[in-house]
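One-letter residues, chain by chain:
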Amino acid sequence: MEKKRIALRKLLEAVEKEILRKPDRKTLDHLSLLAGFQDWESFQNALHGDTSADENYK
């Protein structure tokens, strides 16, 4: 029973680590395309900068 508990704890730790992992740049670029931006950097500039999101639709 103790071995199962340890195995379950290790599995949960691995899943939590994967969930909390920061996505790579390629994934972020794809997600920003779904939001209507050319890439992650243009999305970040529109979100946090002075750039208007309308510039992506010219």
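Figured I'd write up the structure that's included with this text.

Rules of the game
- Residues numbered from 1 in each chain as written.
- Predicted model: local features only at pLDDT ≥ 70, side-chain atom pairs only at ≥ 80, totals over all residues.
- Heavy atoms only, no water.
- Salt bridge = Lys/Arg side-chain N within 4 Å of Asp/Glu carboxyl O.
- Helix = DSSP H or I, 4+ residues; strand = E, 2+ residues; numbered from the N terminus.
- Buried < 20%, exposed > 50% of the residue type's maximum accessible area, 1.4 Å probe, protein only.
- Phe/Tyr/Trp six-rings, centres within 6.5 Å; stacked < 30°, edge-to-face > 60°.
- Polar contact = N/O pair within 3.5 Å; in protein donor to acceptor, adjacent residues only side chain to side chain.
- Contact = heavy atoms within 4.5 Å.

With that settled, the discussion passes to the pattern of salt bridges. Summed over the entire model, instances satisfying the criterion amount to three salt bridges. Residue R5 pairs with E2 through a salt bridge whose shortest N-O separation is 3.9 Å. Taken together, the residues R5 and E2, both in helix 1 (residues 2–20) and three residues apart, mark about one turn of the helix. Overall, R5 belongs to the partly exposed group, its relative accessible area being 49%. What makes E2 partly exposed here is its relative accessible area of 45%. A salt bridge links R25 to D29; the shortest N-O distance between them is 3.3 Å. Of the two residues, R25 and D29 are both situated in helix 2 (residues 25–34); the distance of four residues between them amounts to about one turn of the helix.

The final tally for this structure, using the stated rule, is two aromatic pairs. Between F37 and F43 the ring centres are 5.2 Å apart and the planes differ by 70°, which places this aromatic pair in the edge-to-face class. Taken together, the aromatic side chains of F37, W40 and F43 make up a single cluster linked through ring pairs.

Glancing now at the side chain of S32. Mapped onto the elements of the fold, S32 is located in helix 2. From its side chain, S32 meets the backbone nitrogen of W40 in a polar contact 3.2 Å long. Aside from chain neighbours lying at most four places away, what touches S32 is F37, D39, W40 and F43.

Any link to function would need more than the numbers given here.
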